[in-house]
Amino acid sequence: MNKLYIGNVSEEASAEDLETIFEQWKIPHSGPFLVKTGYAFVDCPDEKIAMMAIDILSGKVELHGKLLEVEHSVPKRQRSCKLQIRNIPPHLQWEVLDGMLAQYGTVENCEQVTDSFFSVIARAMEKLNGFLMENFALKVSYIPDEMAAAAAPTLGGGKRGFAPRGPLRSGSPGLGARPKLQSDVPLRILVPTQFVGAIIGKEGATIRNVTKQTHSKIDIHRKENAGAAEKPITVHSTPEGCSNACRTIMEIMQKEALDTKFTEEIPLKILAHNNFVGRLIGKEGRNLKKIEVDTETKITISPLQDLTLYNPERTITVKGSIEACSRAEEEVMKKVRESYENDVAAMNLQSNLIPGLNLNALGLFPGGAPGMGPSMGHNAPPPGAQGGYSSFGGQPESETVHLFIPALAVGAIIGKQGQHIKQLSRYAGASIKVAPPDGMDAKQRMVIIAGPPEAQFKAQGRIFGKLKEENFFGPKEEVKLEAHIKVPSFAAGRVIGKGGKTVNELQNLTSAEVVVPRDQTPDENDQVIVKITGHFYASQVCYTLSEV
């Protein structure tokens with residue numbers, strides 16, 4: 001049996017009301033509804049149906065004016081002093097979250113929150129669940145204690161107890177994937193502030209109808225950026241659901257414009273993380289041009305100068321009829337989702353090489369979607385190591401990477417009186433030095449980065465980001481840099497593979513260029529240099545795979 005907890009239940013609600021909702025959404029249940037004050041419990045026939053109920057109902061269906069919250073029921077004896085926080089802004093500094101959590105108890109790290117008093121944890125849950133942080137509503141739930149779960153009585157074991165629990169909802173660290181009904185990448189759009197009221201409707205009736213018809217969860221961030229001309233909207237659903245919701249919102253705005261005699265064109269504005277935009281544009285703009293031709297639209301993308309560390313999104317403006325813009329949205333988001341999935345696949349390819357590296361904690365991987373947490377957060381591959389291999393147990397060894405940047409960018413990396421490179425070094429926990437130029441006319445300068453894997457990720461990620469922000473690469477270019485790492489000479493042949501097969505497969509997988517000079521003389525440590533050129537994530541995968 002799979003027991004569900006139904007929260008935020010109105011005092012007016014009855015078991016019959018809940019039964020009607022389950023019947024309306026064709027969700028079977030295998031027992032009666034146990035209704036308490038403010039919450040209820042019900043059993044589902046199996047795990048699949050329990051997951052379906054959570055996906056369909058939680059945060060999407062109202063009963064007596066209150067949105068239901070549905071999740072797995074966790075018996076008290078299986079609860080621990082651990083909290084799971086999801087939907088964290090992808091660009092958020094980890095220290096900010098750590099400081100916020102510290103108000104409610106002792107924080108061991110940002111993956112596990114512990115406190116000696118369970119009441120403090122309960123209070124933290126109450127205060128943090130739904131807390132708005134930079135347009136993201138935090139979602140907090142219990143993580144079951146595996147030891148308590150193992151000790152819990154099984155069915156038929158004497159005492160009456162709960163059945164063995166199924167896997168947690170998406171976002172629970174360390175557990176297997178669950179069937180997903182929605183895309184890992186939500187649709188984010190910008191709408192003129194003057195149309196937000198029409199989209200919401202009287203007492204929220206319009207947006208509720210859109211949510212119900214498109215089976216989507218729609219967040220309108222109307223309270224953020226007071227006075228701004230545009231407001232962001234986030235749509236969580238399947239790709240089809242996102243597209244249907246987007247089309248409906250465009251139709252609502254069009255109708256409101258006619259009613260208010262608003263004569264200006266209302267383009268569709270899609271927000272996308274900059275890491276995906278280069279691949280959306282394609283080489284020489286071919287991908288974008290094809291979408292424009294196929295959908296009969298005009299598409300422009302905001303300049304790189306608008307990007308900051310805290311605003312990694314670009315605005316994709318689509319002009320055309322509602323039908324044409326809707327088709328363009330489908331194609332644009334298809335490319336964005338493909339890029340995201342390719343990056344996740346690449347980062348997870350060798351995920352078991354070095355345990356414990358947390359990409360989410362680094363804030364480097366674009367996110368913001370429900371499924372973007374644990375799949376990338378644990379066991380992600382680090383950059384290459386200096387001097388043999390890193391130890392796979394205990395503390396990670398320091399590594400050295402030589403990263404080559406445009407000579408003109410040295411001033412931006414160092415900063416006024418060396419302030420930027422000092423701050424970057426403290427932030428990453430790495431030693432960062434810029435080597436002297438090879439000559440007066442040198443077009444590149446070598447940055448020497450030494451530190452453990454997570455420090456390498458942080459330092460290199462910010463250097464790539466800084467070059468974007470300072471516009472050292474064109475508006476349609478991805479930042480691609482050359483990096484040198486050292487590997488044992490005996491491993492060079494394995495990197496190349498028979499007839500170059502391994503290195504070719506590596507290049508095809510990551511879109512990075514990997515060069516292992518065959519005639520290289522090993523240094524005093526019997527090491528040779530591997531040269532890698534590519535965008536940030538491709539380079540990180542190559543660092544690891546070149547050492548296998």
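Residues numbered from 1 in each chain as written. Predicted model: local features only at pLDDT ≥ 70, side-chain atom pairs only at ≥ 80, totals over all residues. Heavy atoms only, no water.

As annotated in an unreviewed UniProt entry, the protein chain is Insulin-like growth factor 2 mRNA binding protein 3 from Hucho hucho. Turning to the protein chain, the UniProt record has this under Sequence similarities (unreviewed entry): "Belongs to the RRM IMP/VICKZ family." (UniProt positions renumbered as here; feature names shortened; annotations may be inferred.)

Trainee: Talk me through the overall build of the protein chain; I want residue IDs and the actual numbers.
Mentor: Scanning the protein chain from terminus to terminus reveals 19 helices and 24 strands. Taking all 548 residues of the protein chain together, the buried fraction comes to 49%. The contacts in the protein chain between residues at least 6 apart in sequence include a share of 69% that link residues at least 24 apart. A total accessible area of about 26700 Å² is found for the protein chain, and carbon and sulfur atoms account for 52% of it. (Helix = DSSP H or I, 4+ residues; strand = E, 2+ residues; numbered from the N terminus. Buried < 20%, exposed > 50% of the residue type's maximum accessible area, 1.4 Å probe, protein only. Contact = heavy atoms within 4.5 Å. Areas by Shrake-Rupley, 256 points an atom, 1.4 Å probe, with all protein chains shown as cover.)

Trainee: Describe helix α7 (residues 205-214), and please don't skip the residues or the numbers.
Mentor: Burial in α7 covers these residues: I207, V210, T211 and T214. With its buried residues spanning 100° around the axis, α7 presents them on a single face. In this structure, the buried residues of α7 make contact with α6 (196-200), β14 (217-220) and α8 (239-259). Note on α7: the residue one or two positions beyond its end, H215, has a positive phi of about 55°. (Arc of directions from axis to C-beta.)

Trainee: Provide a residue-level description of the state of the cysteines, including the pertinent values.
Mentor: With the rule as written, the count across this model stands at zero disulfides. Looking at the unpaired C325, the closest cysteine sulfur is the one in C246, lying at 8.3 Å. The class for C325 is buried, based on a relative accessible area of 2%. (Disulfide = S-S within 2.5 Å.)

Trainee: Lay out the nonpolar core with the relevant residues and their values.
Mentor: I199, I233 and I270 are the most contacted members of the largest nonpolar core, which totals 42 residues. Broken down by element, the residue count for this core peaks at eight residues, all from α8. Setting aside chain neighbours within four positions, we find I233 in contact with L187, R188, I189, V191, I199, I218, D219, I220, H221 and I249. Judged by nonpolar contacts, the second largest core, of 35 residues, contains A409, I421, A430 and L481. (Core = buried A, V, L, I, M, F, W, Y, C linked by side-chain atoms within 4.5 Å.)

Trainee: So, unusual backbone geometry: which residues are in play, and what are the values?
Mentor: Positive phi outside glycine occurs at E203, with the angle close to 55°. For E203, the position within the fold is in the loop between α6 and α7. In the Ramachandran plot, E284 falls in the positive-phi region, its phi being about 55° despite a non-glycine side chain. Of note, E284 is situated in the loop between α9 (274-281) and α10 (286-295).

Trainee: Before we move on, could you go through the packing of aromatic side chains and cite the residues and values that matter?
Mentor: Per the stated rule, a full pass over the model turns up eight aromatic pairs. Plain terms: the ring middles of F195 and F262 are 5.5 Å apart, the flat faces sit at 90° to each other, and that makes the pair edge-to-face. In this pair, F195 is assigned in the loop between β13 (187-192) and α6 and F262 in the loop between α8 and β16 (268-273), connecting sequence segments 67 residues apart. Overall, F195 belongs to the buried group, its relative accessible area being 1%. Their ring planes at 80° and their centres at 6.5 Å tell us that F276 and Y340 sit as a pair that is edge-to-face. Taken as a pair, F276 in helix α9 and Y340 in helix α11 (residues 322-348) lie far apart in primary sequence, 64 residues in all. Given the relative accessible area of 4%, F276 is considered buried. Members of the aromatic cluster, joined through ring pairs, are Y5, Y39 and F41. For the cation-ring pair, K458 lies above Y427, with the distance from its terminal atom to the ring centre recorded as 5.4 Å. (Phe/Tyr/Trp six-rings, centres within 6.5 Å; stacked < 30°, edge-to-face > 60°. Lys NZ or Arg CZ within 6 Å of the ring centre and 35° of its normal.)

Trainee: Mind laying out the sheet that holds strand β20 (residues 431-434), listing which residues take part and the relevant values?
Mentor: With antiparallel pairing, the six strands of this open sheet are ordered in space as β20-β21-β19-β22-β24-β23. Taken across any chain shown, the strands that pair with only one partner, and hence form the sheet edges, are β20 and β23 (513-515). Strand-to-strand twist across the sheet, computed as the mean angle between neighbouring axes with direction ignored, equals 20°. In this structure, strand β19 (residues 399-406) lies alongside strand β21 (residues 444-451), joined through eight bridges in antiparallel fashion. Across the sheet, the residue bridging to I405 is R445, located in β21. Along the sheet, helix α16 (residues 453-469) makes contact with β19, β20, β21, β22 (481-488) and β24 (527-534), crossing β19 at roughly 5°. (Pairing = 2+ DSSP bridges. Axes fitted to C-alpha atoms, helices over the stretch in contact; angles between N-to-C directions.)

Trainee: How would you sum up the environment of L280? Please name residues and give values.
Mentor: Examined against the element boundaries, L280 turns out to sit in helix α9. For the pair L280 and M333, spaced 53 residues apart in sequence, the C-alpha separation works out to 9.0 Å.

Trainee: Explain helix α1 (residues 15-24) to me, using residue names and the numbers behind them.
Mentor: Buried residues of α1: L18, I21 and F22, and no others. Seen end-on, α1 carries its buried residues on one side only, within an arc spanning 95°. Seen from the open side of α1, the exposed residues pointing more than 90 degrees away from its buried face are E16 and E23. Of the surrounding secondary structure, the elements contacted by the buried residues of α1 are β1 (2-7), β2 (34-35), β3 (39-44), α2 (47-57) and β4 (62-63). One or two positions beyond α1, positive phi appears at K26, with a value near 55°.

Trainee: An account of the environment of K334 is requested, with residue identities and associated values reported.
Mentor: Here K334 shows up in helix α11. Expressed as a C-alpha distance, the spacing of K334 and P239, which sit 95 residues apart in the sequence, is 8.1 Å.

Trainee: Hey, could you go over the environment of I218 for me, with residue numbers and the actual values?
Mentor: Within the fold, I218 resides in strand β14. A C-alpha to C-alpha distance of 9.8 Å links I218 and R188, two positions 30 residues apart in sequence. If we ignore the near neighbours within four places in the chain, the residues touching I218 are I207, V210, T211, I233, T234, V235 and A245.

Trainee: Break down the pairing of β13 for me, with residues and values.
Mentor: On any regular strand, side chains alternate: one points to one face of the sheet, the next to the other face. Within β13, six of the six residues are buried, which leaves it mostly tucked inside the rest of the structure. Residue alternation in β13 divides its side chains into two sets, L187, I189 and V191 and R188, L190 and P192, and both sets are buried. Looking at chain direction, β13 and β16 are connected through three bridges and run antiparallel. Within β16, the position partnered with I189 by the bridge is I270.

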